[in-house]
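# Architecture and fold: a report
Single-letter residue listing:
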Amino acid sequence: MWEASPLGGASGKPDADQKCAVRSYLLTALAIDGMSKKSGKSCYPVRKAPPQGVKFMSRKFDELIDRARQAQSKAYAPYSKFKVGAAILTEDGDIYSGCNVENSSYGLTICAERGALFKAISEGKRRFKSVVVFSDRLAYPCGACLQVLAEFSPEMEVCLASSKGELKKFNLRDLLPQPFAIGNEQ
Ligand SMILES: [Zn+2]
């Protein structure tokens, strides 16, 4: 299982918040895998059942988070200093990753989510189960990325993960209930 890193406060030892965040992540991951019903006292509530409409992944989920974390280390973000990695899981089980790539002409910057998606599309993939967005704090995909993801799989799972061990999951439909589509104009 992926472990949050680094662990260590100013003293070099994990502080209470870090322990709490990591435990929350691990407990959530265990709940996702259905391996743990009770893991002792937690500072956060453990979600035992997925929200309606969200289909949790199983073992593949750890690999997806790890690929997103690795991609974050490749991010080119000299202007915002906000590095993001993303990994997207296709319906047939393949994973493609991407990172944000900034440019001195700011408008040319591309997000990690679209980088990963475009890589998959260019390999012939069209249907997706899940995407993990990994950064140093939980960050939601921007509207442009939500729209581009919805083009292919509007019901896919969107997972936010952080280097602090935080984790949130959504259905794309909840983040973008009304994506633009030709022919859907009111
Ligand atoms: Zn974006």
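Residues numbered from 1 in each chain as written. Predicted model: local features only at pLDDT ≥ 70, side-chain atom pairs only at ≥ 80, totals over all residues.

### Observations regarding the sheet that holds strand E4 (residues 157–162)
- Spatially, 5 strands are ordered E2-E1-E3-E4-E5 in an open sheet, and the strand pairing comes out mixed. Lying at the two open borders of the sheet, with one neighbouring strand each, are strand E2 (95–99) and strand E5 (167–171). When strand polarity is set aside, the average angle formed by the axes of neighbouring strands in this sheet is 15°.
- The pairing of strand E1 (residues 85–90) with E2 spans 5 bridges and is antiparallel. Note on E2: the bridge partner recorded for Gly85 is Cys99. (Pairing = 2+ DSSP bridges. Helix = DSSP H or I, 4+ residues; strand = E, 2+ residues; numbered from the N terminus. Axes fitted to C-alpha atoms, helices over the stretch in contact; angles between N-to-C directions.)

### Let's talk about the nonpolar core
- Counting 33 residues, the largest nonpolar core has Ala68, Ala86, Ile88, Val131 and Val132 as the members making the most contacts within it.
- At the level of secondary structure, the elements contributing two or more residues to this core comprise helix H2 (60–72), E1, E2, helix H3 (112–122), strand E3 (128–135), helix H4 (143–152) and E4.
- Once residues within four sequence positions are removed from consideration, Val132 is found in contact with Leu64, Ile65, Ala68, Ala86, Ala87, Cys159 and Ala161. (Core = buried A, V, L, I, M, F, W, Y, C linked by C-beta atoms within 7 Å. Buried ≥ 20, exposed ≤ 12 C-beta atoms within 10 Å, placed from the backbone. Contact = placed C-beta atoms within 7 Å.)

### With respect to H4
- For H4, the full list of buried residues reads Cys145, Leu149 and Ala150. All buried residues of H4 fall inside an arc of 135° around its axis, so they share one side. Exposed side of H4, more than 90 degrees from the buried face: Gly143 and Ala144 are the residues found there.
- Close packing links the buried residues of H4 with H3, E3 and helix H5 (172–175). (Arc of directions from axis to C-beta.)

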